[in-house]
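Working through the structure, step by step
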Amino acid sequence: MKREELEKLHHPDAISKRLDAGFSKSYLADAVLGAIDGTITTFAVVAGAMGAGFSSLVVIILGFANLFADGFSMAVSNYQATRSELDRLSKARKHEAMHIDLVPDGEREEIRQIFSRKGFDGEVLEKIVETITSDRNLWIDTMVTEELGMPLDPPQPVPAAFATFAAFFVAGLIPLIPYLLIQETGTRVFLVSAIMTAMTFLAIGLAKARILQLSLWRSGLETLFVGGAAATLAFIVGLVLRQWLGVEL
């Protein structure tokens, strides 16, 4: 970003407007996790089925079963994890409120030591302590964030779960598209699926890097490598089990 743009963003009016708007919750992590897992698990089904010698129909059935079942499972798990964080935050606030009621002097000393470690001392430190402890909600918020290290406004469970499932389903559908469109079985359709999946892994990594301002190719290749390793493992397992069990399809 150019210096002129940074100066505009740091104009007093721009700063005031940005602070008034507050923080917007990001569900990028949920979407990225869902997209990567959806692509990996669905293509792992495809690769494992290919290694085992299953037909395209079986691949499609197993693939869609994975899309809905595993996608729903991930969404529910993410919902419960996010819900737990909200419950943990609520419990922490009640816990700190009780401490303020029972041992206010001790809680003031905690505020004093927290900001002393940030470099404040003397009259300035005492003014900070007085300002914070004169507002009960601010006092509780400060203890929650500074002492416990918890965010005051974590992501909401329903949007987090939806972002996970939607990304899982959309990205996970890509490895199955060749099997839906190409009316044949064997190596050719599998190779098309593998290429499309590799492009998806790369695209997810590049998108993540672009949003988070990371190294584009490092992020893209890293995601591609992880996904490729999982798919290769699934293919080998399917092939080994087929040979070990002596299955002929």
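Coordinates for the structure precede this section.
All of the points below concern the structure found in this document. Please read all numbers here as calculations on a predicted model, not as lab measurements. (Residues numbered from 1 in each chain as written. Predicted model: local features only at pLDDT ≥ 70, side-chain atom pairs only at ≥ 80, totals over all residues. Heavy atoms only, no water.)

**Topic: the overall build of the chain**
A count of helices and strands for the chain gives 11 helices and 0 strands. The buried share of the chain, taken over its 249 residues, is 33%. Long-range pairs, those at least 24 residues apart, make up 72% of the contacts in the chain between residues at least 6 apart in sequence. On the chain, roughly 15400 Å² of surface is accessible, and the fraction owed to carbon and sulfur atoms is 64%. (Helix = DSSP H or I, 4+ residues; strand = E, 2+ residues; numbered from the N terminus. Buried < 20%, exposed > 50% of the residue type's maximum accessible area, 1.4 Å probe, protein only. Contact = heavy atoms within 4.5 Å. Areas by Shrake-Rupley, 256 points an atom, 1.4 Å probe, with all protein chains shown as cover.)

**Here's the deal with the packing of helix 5 (residues 104-116) against helix 6 (residues 122-133)**
Close contact between helix 5 and helix 6 brings their axes to 9 Å; oriented N to C, the two are set at 130°. Taken together, the axes of helix 5 and helix 6 are oblique relative to one another. Along this stretch, helix 5 crosses helix 6, giving a crossing that reads as right-handed. Contacts between helix 5 and helix 6 involve R108, I111, R112, F115 and S116 on the former and, on the latter, L125, E126, I128, V129, I132 and T133. When its residues are assigned to classes, the contact of helix 5 with helix 6 shows 6 nonpolar, 2 polar and 3 charged. (Axes fitted to C-alpha atoms, helices over the stretch in contact; angles between N-to-C directions. Parallel < 35°, antiparallel > 145°, perpendicular 65-115°, else oblique. Left-handed = near helix turned anticlockwise from the far one by under 90°. Nonpolar A, V, L, I, M, F, W, Y, C, P; charged D, E, K, R; others polar.)

**A look at helix 6**
Given 3.6 residues to a turn, an α-helix orients residues that are three or four positions apart in the same direction. In this model helix 6 runs 17 Å from its N-terminal to its C-terminal C-alpha over 12 residues, within 8% of the 16 Å that 1.5 Å per residue would give. Within the sequence span of helix 6, burial applies to L125, I128, V129, I132 and T133. Considered in projection along helix 6, the buried side chains sweep an arc of 115° and stay on one side of the axis. Exposed residues pointing more than 90 degrees away from the buried face of helix 6 are listed as E123 and K127. Where helix 6 is buried, its residues touch helix 5 and helix 7 (136-147). (Expected span 1.5 Å × (residues − 1). Arc of directions from axis to C-beta.)

**Remarks on the side chain of S193**
Inspection of the secondary structure puts S193 in helix 10 (residues 187-212). Residue class for S193 comes out buried when judged on its relative accessible area of 0%. Those residues in contact with S193 that lie beyond four places of it in its chain are F43, V46, P175, P178 and Y179.

**Looking at the packing of aromatic side chains**
What the rule picks out here adds up to 4 aromatic pairs. Aromatic pair F115 and F120: ring centres 6.4 Å apart, planes at 55°, arrangement tilted. An aromatic cluster is present here, built from F68, F165 and F169 joined pairwise through their rings. In this structure, K118 packs its charged tip against the face of F115, placed 6.0 Å from the ring centre. (Phe/Tyr/Trp six-rings, centres within 6.5 Å; stacked < 30°, edge-to-face > 60°. Lys NZ or Arg CZ within 6 Å of the ring centre and 35° of its normal.)

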